[in-house]
Amino acid sequence: MNLIEHFHRGYIQNRRAHVLAEHLSSLIPHSTTLLDVGCGDGRLSARILESRGDIVIKGVDVLARSQSYFPVDLFDGQTIPADDGSFDVVMFVDVLHHTEDPMILLREAARVARRHIILKDHLLDRPLAKTTLRFMDSIGNARYGVATPYNYWYERKWRQAFEEIGLTVGFWASDLQLYPNILDLLFGGTLHFITRLDISVPER
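Residues numbered from 1 in each chain as written. Predicted model: local features only at pLDDT ≥ 70, side-chain atom pairs only at ≥ 80, totals over all residues. Heavy atoms only, no water.

1. Remarks on helix α4 (residues 129-140)
Along an α-helix, residues three or four apart share an orientation, since each turn contains 3.6 residues.
Working step 1: Taking 1.5 Å of rise per residue, 12 residues should cover 16 Å, and α4 covers 16 Å from first to last C-alpha, within 8% of that figure.
Working step 2: For α4, the complete set of buried residues consists of A129, T132, L133, M136, D137, I139 and G140. One face of α4 carries all of its buried residues, which in axial projection span an arc of 165°. (Helix = DSSP H or I, 4+ residues; strand = E, 2+ residues; numbered from the N terminus. Expected span 1.5 Å × (residues − 1). Buried < 20%, exposed > 50% of the residue type's maximum accessible area, 1.4 Å probe, protein only. Arc of directions from axis to C-beta.)

In structure tokens, the structure reads:
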């Protein structure tokens, strides 16, 4: 592990998990079941559970980690192993840009979730965004063997995708202040967003 990776793992990663857990916790309804898709080692969901004992979280991922913060089931990366409407909330945190086609998992989430999809990912709208995000991905994910197709989208493309699937944006925020001081100017700001999408219930 080089010096940059050591700094990232020991300081940046912990701060990011803490700040993200606060953002996400505020968006999760009371007494819900949540499926964390692409949860990695479960660090983030474990942080959420520290302050949200009223919710139940299950994790799935395509890779098995040597150490996990809670049990994680494996899946094929395309079909979520859950019945229709079996969770109140499905959550993706920096997952969809690692897929070749984010629409596949978005549609799967809309099938599995009863109420909401909570999504944290990246935006290309800022100058040099793709170069910066590729660097961040190489530091944060390459050593774990995570696929990095660098499939980042502009905000308008995300919103078009949500509309196509029939998802309504109930909450949207960027500039999440994930990193300390000057680092947030370089690697934070409008490169990141969180949204809570509402599931449309078909009329009968």
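There is more to say, and it comes next.
2. Focus on the packing of aromatic side chains
Working step 1: The final tally for this structure, using the stated rule, is 6 aromatic pairs.
Working step 2: Their ring planes at 50° and their centres at 4.8 Å tell us that W153 and W158 sit as a pair that is tilted.
Working step 3: Residue W153 is classed as buried on the basis of its relative accessible area of 6%.
Working step 4: According to the relative accessible area criterion, W158 is buried, its value standing at 0%.
Working step 5: Taken together, the ring pairs in this structure connect W153, W158, F162, W172 and F193 into an aromatic cluster.
Working step 6: Looking at R134, its charged tip hangs above the ring of Y150, at a distance of 4.0 Å from the centre.
Working step 7: If you follow R156 out to its NZ or CZ, it ends over the ring of Y154, 4.9 Å from the centre. (Phe/Tyr/Trp six-rings, centres within 6.5 Å; stacked < 30°, edge-to-face > 60°. Lys NZ or Arg CZ within 6 Å of the ring centre and 35° of its normal.)

3. Describing the pairing of strand β7 (residues 192-199)
Working step 1: Where burial is concerned, most of β7 is hidden: 6 out of the 8 residues are buried.
Working step 2: Bridge analysis of strand β5 (residues 113-122) against β7 gives 7 bridges, and the strand direction is antiparallel. What sits directly across from D121, in β7, is F193.
Working step 3: Of the pairings in the sheet, the one linking strand β6 (residues 167-174) to β7 comprises 7 bridges and is antiparallel in character. Counterpart to S174 in the pairing with β7 is F193. (Pairing = 2+ DSSP bridges.)

4. Some points on the side chain of K120
Working step 1: The topology assignment puts K120 in strand β5.
Working step 2: Overall, K120 belongs to the buried group, its relative accessible area being 0%.
Working step 3: Within the structure, K120 has its side chain in polar contact with the side chain of H192 (distance 2.7 Å). (Polar contact = N/O pair within 3.5 Å; in protein donor to acceptor, adjacent residues only side chain to side chain.)

5. What about the packing of helix α3 (residues 102-112) against helix α5 (residues 155-165)?
Working step 1: For the pair α3 and α5, the least separation of the axes is 11 Å and the interaxial angle reads 45°. If you check the angle between α3 and α5, you find them oblique. α3 and α5 meet at a crossing whose hand is right-handed. Listed contacts from α5 to M103, L106, R107 and A110 of α3 are W158, A161, F162, E164 and I165.
Working step 2: Per-class residue counts for the contact of α3 with α5 are 7 nonpolar, no polar and 2 charged. (Axes fitted to C-alpha atoms, helices over the stretch in contact; angles between N-to-C directions. Parallel < 35°, antiparallel > 145°, perpendicular 65-115°, else oblique. Left-handed = near helix turned anticlockwise from the far one by under 90°. Contact = heavy atoms within 4.5 Å. Nonpolar A, V, L, I, M, F, W, Y, C, P; charged D, E, K, R; others polar.)

6. Describing α3
Working step 1: Those residues of α3 not exposed but buried are P102, M103, L105, L106, E108, A109 and V112.
Working step 2: Buried residues in α3 make contact with β1 (33-37), β4 (87-93), β5 and α5.

7. Thoughts on the environment of I55
Working step 1: Relative to the elements of secondary structure, I55 occurs in the loop between α2 (43-51) and β2 (56-61).
Working step 2: For I55, a relative accessible area of 5% puts it in the buried group.
Working step 3: With 23 residues separating them along the chain, I55 and T32 place their C-alpha atoms 5.0 Å apart.
Working step 4: Ignoring anything within four residues of it in the chain, the contact list for I55 reads I28, P29, S31, T32, I48 and L49.

8. Side note on a nonpolar patch on the surface
Working step 1: A grouping of I182, L185 and L186 is seen on the molecular surface, where their side chains present a nonpolar patch of about 330 Å² in accessible area.
Working step 2: Residue position: I182 is located in helix α6 (residues 181-187).
Working step 3: Taking the relative accessible area as the measure of exposure, I182 reaches 54% and is therefore exposed. (Patch = residues over 30% accessible without salt bridge, like charges linked within 9 Å, V, L, I, M, F, W, Y side chains within 5 Å. Areas by Shrake-Rupley, 256 points an atom, 1.4 Å probe, with all protein chains shown as cover. Salt bridge = Lys/Arg side-chain N within 4 Å of Asp/Glu carboxyl O.)

9. Remarks on the confidence of the model for the chain
Working step 1: Chain-level pLDDT for the chain is 89 on average; 90% of the residues reach the 70-or-more range.
Working step 2: Per-residue pLDDT stays below 50 along residues 1-8; that stretch engages in 11 contacts with residues further than four places along the chain or on separate chains. (pLDDT = per-residue confidence, 0-100.)

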